[in-house]
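Topology and contacts: notes
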Amino acid sequence: AQSVTQPDIHITVSEGASLELRCNYSYGATPYLFWYVQSPGQGLQLLLKYFSGDTLVQGIKGFEAEFKRSQSSFNLRKPSVHWSDAAEYFCAVGEDTNAGKSTFGDGTTLTVKP
Amino acid sequence: DTAVSQTPKYLVTQMGNDKSIKCEQNLGHDTMYWYKQDSKKFLKIMFSYNNKELIINETVPNRFSPKSPDKAHLNLHINSLELGDSAVYFCASSGDGGRYGYTFGSGTRLTVV
């Protein structure tokens, strides 16, 4: 069965600092990988996705992620964090069958210090 | 234009009652999902429909019954509500078998008292 691990429950960074959120997955085949962001009281918004091709993918809001098959990782990065980036971040792995079922990690809460 | 809309946004009800949550998407997607987010923000899939056909039915009490009258709508009916059903329920949709990710609704916060 597929699974996702987000090792960091909570991360605090200063505004303007760089950010990296970690994600490790377990899946038997080539995975579909996603990062979502959830602001308080809101639904989840897709930041970026990977399913083939270039292993460095660009997303919205200045985020990028790198797929490393050898490490089973898909870490999310941003060079300079803004206060509005404070939110919950979820990594997910999707199946290519089974109606595209996605399994989500437990999330990482990002706090941004002024 | 709201892509995935859920109603109601908030639902407070007593134990033992029956309630429904409605979801509609205007993206032309073939697949729709229900996810439950608990108080620790863990997300777990409940059901998925593809073109009105039930595809995924996870280990969910049979008090929960989804219904998809057409591929743009997926409703969730819950019988005999229990305290443990309190959570945020998210509807989502996807095209191309989910490989492009999901579009989520804004959620329905269900509180059972």
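The model shown is predicted, which means the values in this text are computed figures rather than measured ones.

Comments concerning the packing of aromatic side chains
A full pass over the atoms with the stated rule returns 19 aromatic pairs over all chains. Centroid distance Phe90(B) to Phe104(B): 6.1 Å. Interplanar angle 90 degrees. Geometry classified as edge-to-face. With a gap of 14 residues between them, Phe90(B) in strand β9 (residues 87-94) and Phe104(B) in strand β10 (residues 103-104) connect regions that are remote in the sequence. The exposure class of Phe104(B) is buried, given its relative accessible area of 8%. One aromatic cluster in this structure is built from Phe34(A), Tyr36(A), Phe104(A), Tyr33(B), Tyr35(B), Phe90(B), Tyr102(B) and Phe104(B).

A word on the state of the cysteines
All names here are of chain A. Counted according to the given criterion, the structure contains 2 disulfides over all chains. Paired through a disulfide, cysteine 23 and cysteine 91 show a sulfur-sulfur distance of 2.0 Å. Every disulfide takes its handedness from the sign of the S-S torsion; for cysteine 23 and cysteine 91 that torsion is -65 degrees, giving left-handed. One end of the pair, cysteine 23, is in the loop between β3 (19-21) and β4 (24-26); the other, cysteine 91, is in strand β10 (residues 87-94), and 68 residues separate them in sequence.

Analysis parameters
Residues numbered from 1 in each chain as written. Chains lettered and ligands numbered in written order. Predicted model: local features only at pLDDT ≥ 70, side-chain atom pairs only at ≥ 80, totals over all residues. Heavy atoms only, no water. Phe/Tyr/Trp six-rings, centres within 6.5 Å; stacked < 30°, edge-to-face > 60°. Helix = DSSP H or I, 4+ residues; strand = E, 2+ residues; numbered from the N terminus. Buried < 20%, exposed > 50% of the residue type's maximum accessible area, 1.4 Å probe, protein only. Disulfide = S-S within 2.5 Å.

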